[in-house]
Amino acid sequence: MLNTPSQFLDFSEQWNHFTRVLVNRIWTILTFLAVTLLVVVVGTALQTPVYRASATVLIDMETPSVLSVSTTRDDSTLGQSNFFTYADYYRTQIEIIKSRAVAQRVFSNLNLGEKTRYSRKKDPVGTLLEQMTVEPIKQTRLAKIYVKDPSSKQAARIANEFALIFVEENLAKASTN
């Protein structure tokens, strides 16, 4: 079955019909665009900026002491660490950074209880933990500590304090061994 010109409008007639519809609805289209633009501009202006600061820490197993002798054979203390031993150690250290005990020390060291953002919360340390994430950097022994906060300076202070406390705890642990 062949299409005859009478069955379909030719291109110029279709274009004329389209432009007539567009002209007839121009105020509806412009109103929709203006309202959409206004909502986006006001919504963006009302948002509180959130800054993300980061600190990087090295997670490394301590080297074994030549003079120490263990009565039990533990791969991590004898220096025969394999991939699985290190992977477990790495995950453990990341969980320590994210722990409530470390967050409590950060909270008290920085006097965050005095900030209204935390003082109004039922669980201020939990709020601090919600702001913080730890991500391992692939194929390295590094981890990034990220903190989000409405204040860029406060985010940096918190991220740095998490890193500092983690390092201090590892140094204290190493000095006792």
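See above for the structure.
Reference entry: report on the structure contained in this document. Keep in mind that what you see is a predicted model, and the values were worked out from it rather than measured.

## Describing the packing of aromatic side chains
Link 1 in the chain: Scanning the entire structure with this criterion turns up four aromatic pairs.
Link 2 in the chain: Plain terms: the ring middles of Tyr-86 and Tyr-90 are 6.0 Å apart, the flat faces sit at 35° to each other, and that makes the pair tilted. With Tyr-86 and Tyr-90 both in helix H4 (residues 83–97), this residue pair falls four residues apart, about one helical turn. Like Tyr-90, Tyr-86 is buried.
Link 3 in the chain: Seen in terms of ring centroids, Phe-107 and Tyr-118 are 5.8 Å apart; in terms of plane orientation they differ by 85°. Their pairing is edge-to-face. Placement of Phe-107 in helix H5 (residues 100–109) and of Tyr-118 in helix H6 (residues 116–119) is noted, with a sequence separation of 11 residues between them.
Link 4 in the chain: The class for Phe-107 is buried, based on a relative accessible area of 11%.
Link 5 in the chain: Relative accessible area serves as the criterion here: at 2%, Tyr-118 is assigned to the buried category.

## Topic: a nonpolar patch on the surface
Link 1 in the chain: On the surface, Phe-11, Trp-15, Phe-18, Leu-22, Ile-26, Trp-27, Ile-29, Leu-30, Phe-32 and Leu-33 cluster together into a nonpolar patch covering about 1100 Å² of accessible area.
Link 2 in the chain: Only helix H1 (11–24) and helix H2 (26–46) provide two or more residues apiece to the nonpolar patch.
Link 3 in the chain: The element that contributes the greatest number of residues to the nonpolar patch is H2, accounting for six residues.
Link 4 in the chain: Within the element layout of this structure, Leu-30 appears in helix H2.

## Remarks on the pattern of salt bridges
Link 1 in the chain: Inspection of the entire model under this criterion finds seven salt bridges.
Link 2 in the chain: Between Arg-100 and Asp-123 there is a salt bridge whose closest N-O contact spans 2.5 Å. Linking Arg-100 in helix H5 with Asp-123 in the loop between H6 and helix H7 (124–131), this pair joins segments that are 23 residues apart in sequence.
Link 3 in the chain: By relative accessible area, Arg-100 is classed as partly exposed at 43%.
Link 4 in the chain: For Asp-123, a relative accessible area of 34% corresponds to the partly exposed category.
Link 5 in the chain: Put simply, Glu-168 and Arg-105 hold a salt bridge, and the shortest N to O gap is 3.1 Å. Here the residue Glu-168 occupies a position in helix H8 (residues 152–176), and Arg-105 occupies one in helix H5, the gap between them amounting to 63 residues.
Link 6 in the chain: Classification of Arg-105 as partly exposed rests on a relative accessible area of 31%.
Link 7 in the chain: A cluster of three or more residues bridged by salt bridges with shared partners is formed by Arg-105, Glu-168 and Glu-169.

## Let's talk about the environment of Pro-49
Link 1 in the chain: If you trace the backbone, Pro-49 turns up in the loop between H2 and strand S1 (51–58).
Link 2 in the chain: A C-alpha to C-alpha distance of 8.2 Å links Pro-49 and Ser-151, two positions 102 residues apart in sequence.
Link 3 in the chain: Residues contacting Pro-49, with those up to four places away along its chain left out, are Asp-149 and Pro-150.

## Considering H5
Link 1 in the chain: Taken residue by residue, H5 has Val-102, Ala-103, Val-106 and Phe-107 as its buried positions. Viewed end-on, H5 has its buried residues packed into an arc of 140°, placing them on one side of the element.
Link 2 in the chain: Buried residues in H5 make contact with H4, H6, H7 and H8.
Link 3 in the chain: Phi turns positive, to about 50°, at Asn-111, one or two residues after H5.

## Side note on the environment of Gly-126
Link 1 in the chain: Turning to its location among the elements, Gly-126 is positioned in helix H7.
Link 2 in the chain: Note: C-alpha distance between Gly-126 and Arg-100 (26 residues apart in sequence) is 7.8 Å.

Here is what the cut-offs are and how they apply
- Residues numbered from 1 in each chain as written.
- Predicted model: local features only at pLDDT ≥ 70, side-chain atom pairs only at ≥ 80, totals over all residues.
- Heavy atoms only, no water.
- Phe/Tyr/Trp six-rings, centres within 6.5 Å; stacked < 30°, edge-to-face > 60°.
- Helix = DSSP H or I, 4+ residues; strand = E, 2+ residues; numbered from the N terminus.
- Buried < 20%, exposed > 50% of the residue type's maximum accessible area, 1.4 Å probe, protein only.
- Patch = residues over 30% accessible without salt bridge, like charges linked within 9 Å, V, L, I, M, F, W, Y side chains within 5 Å.
- Areas by Shrake-Rupley, 256 points an atom, 1.4 Å probe, with all protein chains shown as cover.
- Salt bridge = Lys/Arg side-chain N within 4 Å of Asp/Glu carboxyl O.
- Contact = heavy atoms within 4.5 Å.
- Arc of directions from axis to C-beta.

All we've got here are geometric facts, nothing functional implied.
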